[in-house]
Structures are given as C-alpha cells and as structure tokens.
Amino acid sequence: MNVLVIFTHPNHESLSYAFLQEVLRGTKENAHIKDIQVVDLYQEQFDPVLIFNETKRRRDMHRDERLKKYREQILWADKIVYIYPIWWGRPPAMLLGYIDQMFASGFAYKDNGGLLPEGLLKGKSVVCISSMKGPTLYPLFWLNNSHKILMKKALFQYVGMKKVKFFEFGNMESQKGKQKEKLQKIYEYFRRIDN
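Residues numbered from 1 in each chain as written. Predicted model: local features only at pLDDT ≥ 70, side-chain atom pairs only at ≥ 80, totals over all residues. Heavy atoms only, no water.

Enquirer: Sorry if this is basic, but what is going on with the overall build of the protein here?
Expert: Within the protein, the secondary structure is distributed over six helices and seven strands. In sequence order, the protein lays out its α and β elements as β-α-β-α-β-α-β-β-β-α-α-β-α. Relative to a compact globule of 195 residues, whose C-alpha radius of gyration would be 16 Å, the protein shows 17 Å and is just as compact. Judged by the C-alpha coordinates and their principal axes, the protein covers about 50 × 40 × 35 Å. Expressed as a percentage of its 195 residues, the buried residues of the protein come to 48%. The contacts in the protein between residues at least 6 apart in sequence include a share of 77% that link residues at least 24 apart. Carbon and sulfur atoms make up 51% of the accessible area of the protein, which amounts to about 10,800 Å² in all. Distance between charge centroids for the protein: 6 Å, based on 31 positive and 21 negative side chains. (Helix = DSSP H or I, 4+ residues; strand = E, 2+ residues; numbered from the N terminus. Rg over C-alpha atoms; globule rule 2.2 N^0.38 Å. Buried < 20%, exposed > 50% of the residue type's maximum accessible area, 1.4 Å probe, protein only. Contact = heavy atoms within 4.5 Å. Areas by Shrake-Rupley, 256 points an atom, 1.4 Å probe, with all protein chains shown as cover. Lys, Arg positive; Asp, Glu negative; His and termini not counted. Charge placed at Lys NZ, Arg CZ, Asp CG, Glu CD.)

Enquirer: Would you explain the sheet that holds strand β7 (residues 163–169) in this entry?
Expert: Two modes of strand pairing occur in sheets, parallel and antiparallel, and in both the strands are linked by backbone hydrogen bonds. Spatially, the five strands line up as an open sheet ordered β2-β1-β3-β6-β7, and their pairing is parallel. The sheet is open, and its two borders are formed by β2 (35–40) and β7, each paired with just one other strand. Shown here is a sheet whose adjacent strand axes are inclined to one another by a mean of 15°, direction ignored. In this structure, strand β1 (residues 2–7) lies alongside β2, joined through six bridges in parallel fashion. From the neighbouring strand, Val 5 faces β2, where its bridge partner is Val 38. Contacts between helix α5 (residues 146–156) and the sheet are confined to β3 (79–85), β6 (125–131) and β7, with β7 contributing the most and set at about 160° to the helix. The strands touched by helix α6 (residues 179–192) within the sheet are β3, β6 and β7, with β7 carrying the most contacts at an inclination of about 160°. (Pairing = 2+ DSSP bridges. Axes fitted to C-alpha atoms, helices over the stretch in contact; angles between N-to-C directions.)

That is the geometry; function is a separate question.
This is how it looks when you write it as structure tokens:
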C-alpha cells in the first residue's frame, strides 16, 4: 500500500505536526505499507488561489503543468491521509485551495450527462485527522456535522473514494484534552491498517 499524507498547518510545533509524526512512526512499523510520501502545503508554499482568465480556463485545470507533481502523487497513492486543524468549522483555506485545484474535472471526475459524475479516483481510501479547540461534539450538534459532510459526501464520494475514516479530536487546547492518548491512537491505527 502506498500512502500519501497531505499536511496542512503552518507551525511545526503544533499538535497537527505531532499527529504527522505519529502517522509516520506507525506507517514505518507496518509491513502492509510499501511507501509513504508527505506533502507539507505550507512548507512547499503551495498557492491555493484559483485564477481563471482568458489564458487559464477552468476546464483545462486537469492539465496544469504546475500541478502535475501533485496529480501524480494522488494517482500513486492507495490511501490519502489529510492532517489539518478545524478553523471556523472547516479545514484551512490552504487545504481547500489544494482541493479546489486537484480535484478537477478530467482528473478526479468526469461528467457523463447524468445526475452525478463518474468518480475517477475509485479504489482509493481516505483518512482525515483533524483537531480543534472546541469540544469534540461541537461540529455534530452546533454545525450539523458540516465538516464531515463536506469532506466525505461533497468531495471524496463525488470523486469515487468511498472508504473514508475520520479522527476528529476536540478540546485540543485544554490540559484535559488527552493529547497523548489521541497521539497514541493515531500511531496504533497506522501501525495496524492493512488496506
């Protein structure tokens, strides 16, 4: 299994970065994982801004040479892991800009004239690891689970990725947030997964 990690946090002293380290530690001990690649969107200075004009058309985005490396990584991966904080009830704008550009028509899906398109990224699985200051159940009860619905239904299932797992950790700025236990949970998950 090839694993691609999309890391989205500007601070390498953050809890998100600690989660990344546990993903790496677990995958290195997992015989089912053949290879792993990490994309650090802030460190790579990924440009999340979409620009469309007379020379750069939206329908040609799947051929943008600037994004070729990222498309190849997605095609290479069997499992894609997203690590990010929840800010204002959603992933950071940097990650959403990556998604806007990478999950383009002609690459991630194809319109067939029906109600829903054909997902072109079938067979891949996804893990989302997110953390937030607020309580763990805040997104469920206050935001009607909008984060998970956005990521799972509006994005991943739309492009054919049906197997999606969430680790959504709350109270992460609290001394009672059980950060060590949650880091261990991520390590154990990646040490044991087999598909």
